[in-house]
Amino acid sequence: MANLEKTLRQRALEYLAKREYSYTELGQKLKAYAEEADDLPALLDDFKQRGWLSDARFTEQLVHARKAKFGSARVANELREKGVDDTLIAEAVAGLQDNEVARASEVWRKKFKAAPITREEWAKQARFLQSRGFTFDVIKHILNRHAEDDS
């Protein structure tokens, strides 16, 4: 029977066939399977040079997947955790901030049907939007606008 042990290169290609990964994230995933003889940075650099591994593509994909539910702060934090370069994060966040109020309003509308009446309701709705990564200025704008609309 043939050797069933996968090479690091095969494993990396399988991961990339399923979804995009950042350079750092794929490196961390493969580290568990790397042996002393394996040159992980060289493999990752080769994939990057061939265009198989792209932080820009990963950033674009993650932003597209998260923008309907989360604010720019949360998306930026997730990109930072995945090891994406700060310049790519800044570009992605700038694009998200253009329509941050509209996205926050949509997220709020899906969760809450009515504007907050009491301070406790206001605080609860604000915490929810904050947990989704929206800034306090955006939260204040959304909650106060909806309170005015209801009155």
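Just so we're clear, the structure is a prediction, and the values are computed from it rather than from any experiment.

(A) Spotlight on the overall build of the chain. Of the regular secondary structure elements, the chain holds nine helices and zero strands. Start at the N end of the chain and walk to the C end: the helices and strands fall as α-α-α-α-α-α-α-α-α. Since a compact globule built from 151 residues should have a radius of gyration of about 15 Å, the 21 Å found for the chain marks it as more spread out than a globular shape. Once the C-alpha set of the chain is aligned to its principal axes, its extents read approximately 75 × 35 × 20 Å. The buried share of the chain, reckoned over its 151 residues, is 37%. Across the chain, contacts joining residues at least 24 apart in sequence account for 58% of those joining residues at least 6 apart. Looking at the chain as shown, the accessible area adds up to about 9700 Å², and 49% of this sits on carbon and sulfur atoms. If the 27 positive side-chain charges of the chain are averaged to one point and the 26 negative ones to another, these points end up 6 Å apart.

(B) Spatial organisation of the pattern of salt bridges. In this structure the tally under the stated criterion is eight salt bridges. Note that Glu25 is salt-bridged to Lys82, the shortest N-O span being 3.2 Å. Of this pair, Glu25 sits in helix 2 (residues 23-31) while Lys82 sits in the loop between helix 5 (72-81) and helix 6 (86-97), and the two are 57 residues apart along the sequence. Given a relative accessible area of 9%, Glu25 falls into the buried group. By relative accessible area, which is 23% here, Lys82 ends up partly exposed. Here Glu106 and Arg109 are joined by a salt bridge, their closest N and O atoms 3.2 Å apart. Of this pair, Glu106 and Arg109 both sit in helix 7 (residues 100-111), three residues apart, roughly one helical turn. Its relative accessible area of 36% is what places Glu106 among the partly exposed residues. A single salt-bridge network, built from bridges that share partners, covers Arg9, Asp46 and Arg50.

(C) Here's a closer look at the packing of aromatic side chains. A full pass over the atoms with the stated rule returns four aromatic pairs. Measuring from centroid to centroid gives 5.5 Å for Phe112 and Phe128, while their planes differ by 85 degrees, and the two rings are edge-to-face. Placement of the pair is Phe112 in the loop between helix 7 and helix 8 (119-131) and Phe128 in helix 8, with a sequence separation of 16 residues. The class for Phe112 is buried, based on a relative accessible area of 11%. Its end group placed over the ring of Tyr33, Arg11 keeps NZ or CZ at 3.7 Å from the ring centre.

(D) Quick look at helix 8. Across its 13 residues, helix 8 extends 18 Å between first and last C-alpha, which sits within 8% of the 18 Å expected from 1.5 Å per residue. Within helix 8, the full set of buried residues consists of Gln125, Ala126, Phe128 and Leu129. What you see down the axis of helix 8 is that its buried residues fit within an arc of 160 degrees, all on one side. For helix 8, the exposed residues set more than 90 degrees away from the buried face come down to Arg119, Glu120, Lys124, Arg127 and Gln130. Gly133 lies just past helix 8 and shows a positive phi near 95 degrees.

(E) Representation of the packing of helix 5 against helix 6. Orientation of helix 5 relative to helix 6, taken along the N-to-C sense of each, is 160 degrees, at an axis distance of 10 Å. Accordingly, the angle class assigned to the pair helix 5 and helix 6 is roughly antiparallel. At the point where helix 5 passes helix 6, the crossing takes the right-handed sense. Side by side, helix 5 and helix 6 meet where Ser72, Val75, Ala76, Leu79 and Arg80 of the first sit next to Asp86, Ile89, Ala92, Val93, Leu96 and Gln97 of the second. Here the residues of the contact of helix 5 with helix 6 sort into seven nonpolar, two polar and two charged.

What counts and what doesn't
- Residues numbered from 1 in each chain as written.
- Predicted model: local features only at pLDDT ≥ 70, side-chain atom pairs only at ≥ 80, totals over all residues.
- Heavy atoms only, no water.
- Helix = DSSP H or I, 4+ residues; strand = E, 2+ residues; numbered from the N terminus.
- Rg over C-alpha atoms; globule rule 2.2 N^0.38 Å.
- Buried < 20%, exposed > 50% of the residue type's maximum accessible area, 1.4 Å probe, protein only.
- Contact = heavy atoms within 4.5 Å.
- Areas by Shrake-Rupley, 256 points an atom, 1.4 Å probe, with all protein chains shown as cover.
- Lys, Arg positive; Asp, Glu negative; His and termini not counted.
- Charge placed at Lys NZ, Arg CZ, Asp CG, Glu CD.
- Salt bridge = Lys/Arg side-chain N within 4 Å of Asp/Glu carboxyl O.
- Phe/Tyr/Trp six-rings, centres within 6.5 Å; stacked < 30°, edge-to-face > 60°.
- Lys NZ or Arg CZ within 6 Å of the ring centre and 35° of its normal.
- Expected span 1.5 Å × (residues − 1).
- Arc of directions from axis to C-beta.
- Axes fitted to C-alpha atoms, helices over the stretch in contact; angles between N-to-C directions.
- Parallel < 35°, antiparallel > 145°, perpendicular 65-115°, else oblique.
- Left-handed = near helix turned anticlockwise from the far one by under 90°.
- Nonpolar A, V, L, I, M, F, W, Y, C, P; charged D, E, K, R; others polar.

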